[in-house]
Amino acid sequence: MSRGARMIVFACGAAGLAALLAWAFSGLPEFGHYAGRYGRIIARIAVPDRATTNAVTFVAFDVRAVDTMVEEFIVFAAAIAAVALLRHQRGEPERGQRTDEVLRPKTSPALLFVGALLAGPTAVIALNVIAHGAITPGGGFQGGVVLAATVVVMVAAGARVRLPPDEPPLLAEITHGLGAAGFVLLGLAGLIFAGAFLSTTWAGHGTPGALLSGGAIPLLNVATGLEVAGALAVILGEFLEQHMLATEEPES
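Just so we're clear, the structure is a prediction, and the values are computed from it rather than from any experiment.

### Side note on helix 6 (residues 140–156)
- Along its 17 residues, helix 6 runs 24 Å from first to last C-alpha, staying within 8% of the 24 Å computed at 1.5 Å per residue.
- Those residues of helix 6 not exposed but buried are Gly-140, Gly-143, Gly-144, Ala-148 and Thr-150.
- Where helix 6 is buried, its residues meet helix 5 (109–131) and helix 8 (217–247).
- In the segment just after helix 6, Gly-158 is the residue with positive phi, at about 105°.

Below you can see the structure in the form of structure tokens.
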């Protein structure tokens with residue numbers, strides 16, 4: 001297909017998408033005039049019954065908490081798949097003779113200094129997003145990504161990363177394993193103490209707008225944040241190891 005023909009196909013598709021979006025937007029209710037019954041039910045339950053001022057987090061970690069658990073395990077499975085595929089591709093059982101390697105990127109001391117300065121605030125922002133997920137926009141998924149970004153900032157700035165051969169990033173694997181297990185255990189706690197799997201009422205009520213509110217929702221956010229951060233760090237470590245093997249100088 002020629003370039004002109006591709007542009008015609010793209011223009012037709014873009015015009016059709018724009019027409020559908022305009023049609024959808026024209027049917028939206030006026031601001032402040034929401035007509036959906038489920039939204040009103042959530043708003044009526046979230047604050048008085050769960051002390052959760054963030055309705056989105058309330059839906060994700062209470063009303064449809066089982067769906068959220070499945071989504072979390074999709075991230076978990078993605079990390080496991082990256083480990084299984086990349087380590088098998090590298091043939092790690094045959095690499096026992098390699099000594100510890102250190103990735104020494106070409107960088108400047110100023111860039112390393114800036115990376116070190118950014119890592120701390122990034123981690124603090126991540127913890128803040130996770131801890132306040134029940135009362136403000138944010139939560140475990142978003143905070144976990146930001147927490148994993150701390151590692152990305154350090155690596156991107158040129159920090160030395162030691163990767164022993166045939167040895168996984170153990171801390172990251174433990175973190176994302178604990179996060180996934182913690183979510184399930186909190187669900188079982190709801191089953192034991194409140195009679196329903198992933199019920200959040202067993203952990204108390206709290207004061208709306210306070211940090212410790214929303215029952216077990218803050219705990220579920222912590223478990224999700226650990227799992228997401230650990231899984232992304234595992235994937236990053238695997239791709240970093242793959243990069244090291246692809247760029248290492250062949251032995252003379």
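### Regarding the pattern of salt bridges
- Under the counting rule described, the total for this entry stands at three salt bridges.
- We note a salt bridge from Arg-64 to Asp-67, for which the minimum N-O separation is 3.6 Å.
- Its relative accessible area of 29% is what places Arg-64 among the partly exposed residues.
- A relative accessible area of 41% means that Asp-67 is categorised as partly exposed.
- Here Glu-71 and Arg-64 are joined by a salt bridge, their closest N and O atoms 2.7 Å apart.
- For Glu-71, a relative accessible area of 33% translates into the label partly exposed.
- Three or more residues joined by partner-sharing salt bridges are found here, namely Arg-64, Asp-67 and Glu-71.

### Section: the nonpolar core
- Within the largest apolar cluster, 15 residues are counted, with the highest numbers of intra-cluster contacts made by Phe-58, Phe-61, Phe-183, Leu-198, Ile-217 and Leu-220.
- Going through the elements one at a time, helix 2 (37–50), helix 3 (55–63), helix 4 (65–90), helix 7 (170–194) and helix 8 are the ones with two or more residues in this core.
- Excluding its chain neighbours within four sequence positions, the residues that come into contact with Ile-217 are Thr-52, Thr-57, Phe-58, Phe-61, Asp-62, Ala-134 and Thr-200.
- Judged by nonpolar contacts, the second largest core, of six residues, contains Ala-79, Val-83, Ala-172 and Val-234.

### Things to note about the side chain of Asn-221
- With respect to the secondary-structure elements, Asn-221 resides in helix 8.
- Once you skip the residues sitting within four places of it in the chain, Asn-221 turns out to touch Thr-57, Phe-61, Ile-130, Gly-133, Ala-134, Gly-139 and Gly-140.

### Looking at a nonpolar patch on the surface
- On the surface, a cluster of nonpolar side chains totalling about 880 Å² of accessible area is made up of Val-66, Val-70, Ile-74, Leu-185, Leu-188, Leu-191, Ile-192, Phe-193 and Phe-197.
- Counting residues per element, the ones that place at least two in the nonpolar patch are helix 4 and helix 7.
- At five residues, the largest contribution of residues to the nonpolar patch is made by helix 7.
- Counting through the fold element by element, Val-70 comes out in helix 4.
- The partly exposed category is assigned to Val-70, whose relative accessible area is 46%.

### Concerning the confidence of the model for the chain
- Looking at the chain as a whole, its pLDDT mean stands at 84, while 86% of the residues score no less than 70.
- Mean pLDDT values over the elements of the chain span from 48, in strand 1 (residues 101–103), up to 94, in helix 1 (residues 3–26).
- In this model residues 93–103 is a low-confidence stretch, pLDDT under 50, and it forms 27 contacts with partners more than four residues away in sequence or in other chains.

### Describing helix 3
- Thr-57, Phe-58, Ala-60, Phe-61 and Asp-62 are the residues of helix 3 that are buried.
- With a side-chain oxygen positioned 3.2 Å from the backbone nitrogen of Val-56, the residue opening helix 3 is Asn-54.

### Remarks on the packing of aromatic side chains
- The final tally for this structure, using the stated rule, is three aromatic pairs.
- Ring geometry for Phe-73 against Phe-76: centres 5.7 Å apart, planes inclined by 55°, an arrangement best described as tilted. In this pair, Phe-73 and Phe-76 are both assigned in helix 4, three residues apart and thus about one turn of the helix distant.
- Here Phe-73 falls in the partly exposed class, since its relative accessible area comes to 32%.
- Classification of Phe-76 as partly exposed rests on a relative accessible area of 24%.
- The ring of Tyr-38 is capped by Arg-37, whose NZ or CZ atom sits 5.3 Å from the centre of that ring.

Cut-off values and rules
Residues numbered from 1 in each chain as written. Predicted model: local features only at pLDDT ≥ 70, side-chain atom pairs only at ≥ 80, totals over all residues. Heavy atoms only, no water. Helix = DSSP H or I, 4+ residues; strand = E, 2+ residues; numbered from the N terminus. Expected span 1.5 Å × (residues − 1). Buried < 20%, exposed > 50% of the residue type's maximum accessible area, 1.4 Å probe, protein only. Contact = heavy atoms within 4.5 Å. Salt bridge = Lys/Arg side-chain N within 4 Å of Asp/Glu carboxyl O. Core = buried A, V, L, I, M, F, W, Y, C linked by side-chain atoms within 4.5 Å. Patch = residues over 30% accessible without salt bridge, like charges linked within 9 Å, V, L, I, M, F, W, Y side chains within 5 Å. Areas by Shrake-Rupley, 256 points an atom, 1.4 Å probe, with all protein chains shown as cover. pLDDT = per-residue confidence, 0-100. Polar contact = N/O pair within 3.5 Å; in protein donor to acceptor, adjacent residues only side chain to side chain. Phe/Tyr/Trp six-rings, centres within 6.5 Å; stacked < 30°, edge-to-face > 60°. Lys NZ or Arg CZ within 6 Å of the ring centre and 35° of its normal.

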